[in-house]
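A closer look at the structure
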Amino acid sequence: MSTVTPSADERSDNRLRMPRWLTSEHPLPWLFPCISLLLVFGLYPILYSLWLTMYKRNPATRVETFDPAWNWSRLWADERVWDALQVTLTYTFLAIILQLTLGMLIALLLDTDRKGFGILRALMTLPLVVPPAVTGMMFLLMYDGSFGVISHALYDLGIISKDAPLLATGSTALLAVIIVDVWQWTPFMVLIMLAGLRALPKDPFEAAAIDGATDVQAFFKLTLPMMSKIIALAVLIRGIDLFRVFDYVKVMTDSGPGTATETLTAYTGTIYFKSANFPFASTVAIFTLLVVLIVANVFIKVFKVRF
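A brief report on the enclosed structure follows.

What counts as what
- Residues numbered from 1 in each chain as written.
- Predicted model: local features only at pLDDT ≥ 70, side-chain atom pairs only at ≥ 80, totals over all residues.
- Heavy atoms only, no water.
- Helix = DSSP H or I, 4+ residues; strand = E, 2+ residues; numbered from the N terminus.
- Buried < 20%, exposed > 50% of the residue type's maximum accessible area, 1.4 Å probe, protein only.
- Contact = heavy atoms within 4.5 Å.
- Areas by Shrake-Rupley, 256 points an atom, 1.4 Å probe, with all protein chains shown as cover.
- Lys, Arg positive; Asp, Glu negative; His and termini not counted.
- Charge placed at Lys NZ, Arg CZ, Asp CG, Glu CD.
- Core = buried A, V, L, I, M, F, W, Y, C linked by side-chain atoms within 4.5 Å.
- 1 Å grid on protein atoms, 1.4 Å probe; cavity = no way out; pocket = protein on both sides within 12 Å on 5 of 7 lines; lining within 4 Å.
- Points joined across faces, edges and corners; volume = space filled by probe spheres on them.
- Nonpolar A, V, L, I, M, F, W, Y, C, P; charged D, E, K, R; others polar.
- Polar contact = N/O pair within 3.5 Å; in protein donor to acceptor, adjacent residues only side chain to side chain.

**So, the overall build of the protein**
The helix and strand inventory of the protein stands at 15 helices and 2 strands. Seen along its three principal axes, the alpha-carbon backbone of the protein occupies a region of about 105 × 75 × 40 Å. Counting over 307 residues, the protein shows a buried share of 35%. Relative to all contacts within the protein whose residues are 6 or more apart in sequence, the contacts with residues 24 or more apart total 68%. Surface summary for the protein: the accessible area is close to 19100 Å², and the carbon and sulfur share equals 68%. Looking at charge distribution, the protein has the averaged site of its 24 positive side-chain charges lying 5 Å from that of its 23 negative ones.

Next comes the structure, spelled out in structure tokens:
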């Protein structure tokens, strides 16, 4: 009686045979690790925060009682929340305007293949790798009223008085923090604008040049309309990131002077770490998330942003 001996190829194929679900074209097995991370680090904290909002905490006795409406009613009556919302919206609006304007101007200047500009584009991204807390500390030293280089330059120019330091005056503290954000994140806008400029077709600009259009006319009539979707997407991404600003405010002003630079996330941190009122801090955090979702979705609908 003869036996059939499997060939070497068949034995190797049996050893390397993988489960069918790993060799299928279904995307779920390959998305499972990413989905798991999102559930653990994204969905779970939100659900846990929602659960915390249902409890009333007494910071003195550290006793929590179930009262779903307590924190939300307190939030609506807390003027500090609405002041923080106003500061956050002001911060986001001014920072986006400055970053978008500077980002477009710098991108236009760097949109060339001349020798040396590649190095400039690479060096421009260096601020992005610096941690925000380190950037805030660096500018805090430069803003110092006694030895800060920026403060002394403004003193010599007569722009500010030595009796009103930048970070100690309510009218200038927020703008000073915004400038730090602009310095660090304008390169991000430059990269997006530069990628958009490089992707534009050349034919419309050549036709405009033949018709006698100036560079300014070509920019407003061709460049901006064709880049409108890219600009809207860049504004959306930076707007969401700006709305949750915390590092610069915490390091540079700690929400001061008074509450002049207190954003919603900074106020949440104050409640959480200084007052130990975890349920109310979670309520303010969920409120911030809701505001971001509403504003972002309105922006997407108005400007028809597509991903």
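On we go from here.
**Quick word on the nonpolar core**
Tyr91, Tyr143, Met193, Met227, Ile231, Tyr248 and Met252 are the most contacted members of the largest nonpolar core, which totals 46 residues. Sorting the residues of this core by element identifies helix H5 (79-110), helix H6 (117-124), helix H8 (149-157), helix H9 (170-199), helix H12 (228-243), helix H13 (247-252) and helix H15 (278-303) as the ones contributing at least two each. When residues no more than four places from it in sequence are discounted, the contact partners of Met227 are Met104, Met193, Gly196, Leu197 and Leu200. By size, the runner-up hydrophobic cluster in this structure holds 14 residues, among which are Tyr267, Ile271, Phe287 and Val292.

**Here's the deal with empty space enclosed by the protein**
Empty pockets left among the atoms are what a rolling probe the size of a water molecule brings to light. Under the criterion given, the structure shown has 1 cavity of 30 Å³ or more. Size it by volume and the largest cavity reaches roughly 50 Å³. Of the residues assigned to the lining of the largest cavity, the class counts are 3 nonpolar, 2 polar and 2 charged.

**Brief notes about the side chain of Thr263**
Tracing the backbone through its elements, the reader meets Thr263 in the loop between H13 and helix H14 (264-275). A distance of 3.2 Å separates the side chain of Thr263 from the backbone oxygen of Val245, its partner in a polar contact. Aside from chain neighbours lying at most four places away, what touches Thr263 is Ala84, Val87, Thr88, Val245 and Val249.

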